Amino acid sequence: MTQSNKPTAIITGGSRGIGRATCVTLAKQGWNICFSYVSNLAAAQETVALIEAAGGQALAIKANVANREDIKQLFAAAFKTYGRLDALINNAGIVGEPRSILDADDAHLTDFFRTNVLSYFFCISEAARLMSTQRGGKGGSIVNMSSAAARHGGMPEEAHYAASKGAIDSVTIALAKELAPHGIRINAVRPGLINTSIHDAHGGQALINKIAPTVPLGRAGMAEEVAEVITFLAGPLSSYMHGALVDVSGGR
Ligand code: NAP
């Protein structure tokens with residue numbers, strides 16, 4: 001296996017939305033990209049084309065982050081292709097259907113937390129093993145995708161979503177202590193209302209238009225505005241940032 005002379009990032013859920021914008025922004029900054037998607041092949045192919053148009057190299061892997069075997073294959077494929085891993089962008093996540101706490105059910109909550117929380121543990125574990133300076137790696141950085149919902153509670157009947165992102169905040173703070181001796185920085189971004197298709201199942205553009213005036217900046221954010229912050233946190237310019245929860249929320 002030859003080792004690329006360019007830094008390499010794995011982005012989970014890179015086929016659409018914030019993940020796609022992050023792939024393109026990192027590629028413009030000279031990173032090799034390996035991203036995952038779960039079902040939307042056409043979107044993944046579009047993202048590959050955008051990365052290549054930005055001068056980057058792209059590897060798209062179908063991998064459900066809720067499935068640990070898929071995650072192992074994602075990391076193996078990236079390492080086989082590029083011979084190195086410098087950053088993990090733990091981005092994939094779902095909002096899921098609104099559900100009252102009065103109707104909470106075991107299967108719904110278990111599946112939801114597997115996708116939004118356990119997957120982050122699994123991906124961090126794989127990345128840390130490859131990047132740890134104590135295991136022969138060269139160190140690296142991890143950026144976790146949280147949400148402003150972790151601190152304001154999110155939309156009605158979406159306590160499960162807010163709680164899943166609160167868990168990501170806690171994981172980021174806790175692992176900052178554990179991963180520092182391994183040469184790995186870890187931070188989280190907490191976007192507010194960002195204009196992506198994640199909102200489609202909850203009213204889409206109408207919902208965005210309703211909430212946008214409540215944002216101090218008066219508008220929803222763009223995926224690219226989050227991607228710039230993620231790219232900064234992934235790279236060496238943020239070398240003294242560690243365990244930080246960075247709001248990208250227009251003041252909301
Ligand atoms: P999005 O537009 O819906 O894109 C989601 C991406 O994640 C897609 O690439 C999708 O793949 C992938 N994905 C979904 N479930 C997956 C799974 N089980 N395994 C692997 N990939 C999976 O979402 P987004 O708005 O960019 O959100 C990205 C992250 O930001 C999420 O963690 C979300 O909670 C967080 N966030 C978003 C906002 C916002 O307002 N948009 C605000 C705060 C935080 P396919 O294309 O194959 O479906």
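Residues numbered from 1 in each chain as written. Predicted model: local features only at pLDDT ≥ 70, side-chain atom pairs only at ≥ 80, totals over all residues. Heavy atoms only, no water.

Draft legend 1. Main features of the site of the ligand. Near the ligand there are 32 residues, and of these S15, I18, N91, Y161 and T196 occur at the shortest range. Within the contact set of the ligand, an oxygen atom lies 2.8 Å away from a backbone nitrogen or oxygen of I18. In isolation the ligand has 910 Å² of accessible area, and contact with the protein removes 95% of it. For the shell around the ligand, the class distribution of residues is 14 nonpolar, 16 polar and two charged. (Near = heavy atom within 4 Å. Polar contact = N/O pair within 3.5 Å; in protein donor to acceptor, adjacent residues only side chain to side chain. Areas by Shrake-Rupley, 256 points an atom, 1.4 Å probe, with all protein chains shown as cover. Nonpolar A, V, L, I, M, F, W, Y, C, P; charged D, E, K, R; others polar.)

Draft legend 2. Molecular detail of the confidence of the model for the protein. Chain-level pLDDT for the protein is 97 on average; 100% of the residues reach the 70-or-more range. For the protein, the element scoring lowest by mean pLDDT is helix α7 (residues 204-211), at 95; strand β6 (residues 184-191) scores highest, at 99. (pLDDT = per-residue confidence, 0-100. Helix = DSSP H or I, 4+ residues; strand = E, 2+ residues; numbered from the N terminus.)

Draft legend 3. Geometry of the pairing of strand β1 (residues 8-11). Neither face of β1 is exposed, since T8 and I10 on one face and A9 and I11 on the opposite face are all buried. In this structure, β1 lies alongside strand β2 (residues 32-37), joined through four bridges in parallel fashion. Within the sheet, the bridge partner assigned to A9 lies in β2 and is I33. Regarding the hand of the β-α-β motif, the stretch spanning β1, helix α1 (residues 17-28) and β2 is right-handed. As judged from the three bridges shared by β1 and strand β4 (residues 87-90), these two strands associate in the parallel manner. When the sheet's bridge partners are listed, I10 is paired in β4 with L88. (Buried < 20%, exposed > 50% of the residue type's maximum accessible area, 1.4 Å probe, protein only. Pairing = 2+ DSSP bridges. Right-handed = clockwise from strand over helix to strand, strands pointing away.)

Draft legend 4. Structural context of the side chain of S238. For S238, the position within the fold is in the loop between α8 (223-234) and β7 (245-248). Apart from residues lying up to four places away in sequence, S238 is in contact with R185, F232 and L233. (Contact = heavy atoms within 4.5 Å.)

Draft legend 5. Here's a closer look at the pattern of salt bridges. On inspection of all chains with the given rule, the structure shows eleven salt bridges. The shortest N-O distance in the salt bridge between R68 and E126 comes to 3.9 Å. Linking R68 in helix α3 (residues 68-82) with E126 in helix α4 (residues 106-131), this pair joins segments that are 58 residues apart in sequence. Here D247 and R190 are joined by a salt bridge, their closest N and O atoms 2.9 Å apart. (Salt bridge = Lys/Arg side-chain N within 4 Å of Asp/Glu carboxyl O.)

Draft legend 6. The arrangement of the nonpolar core in detail. Within the largest apolar cluster, 32 residues are counted, with the highest numbers of intra-cluster contacts made by I33 and F35. Within the residue set of this core, elements represented by two or more residues are β1, α1, β2, α2 (41-53), β4, β5 (140-145), α8 and β7. The contact partners of I33, leaving out residues within four places of it in the chain, are A9, I11, C23, L26, A27, I51, Q57, A58, L59 and Y82. Grouped together as the second largest cluster of nonpolar side chains are 27 residues, Y82, I142, L175 and I184 included. (Core = buried A, V, L, I, M, F, W, Y, C linked by side-chain atoms within 4.5 Å.)

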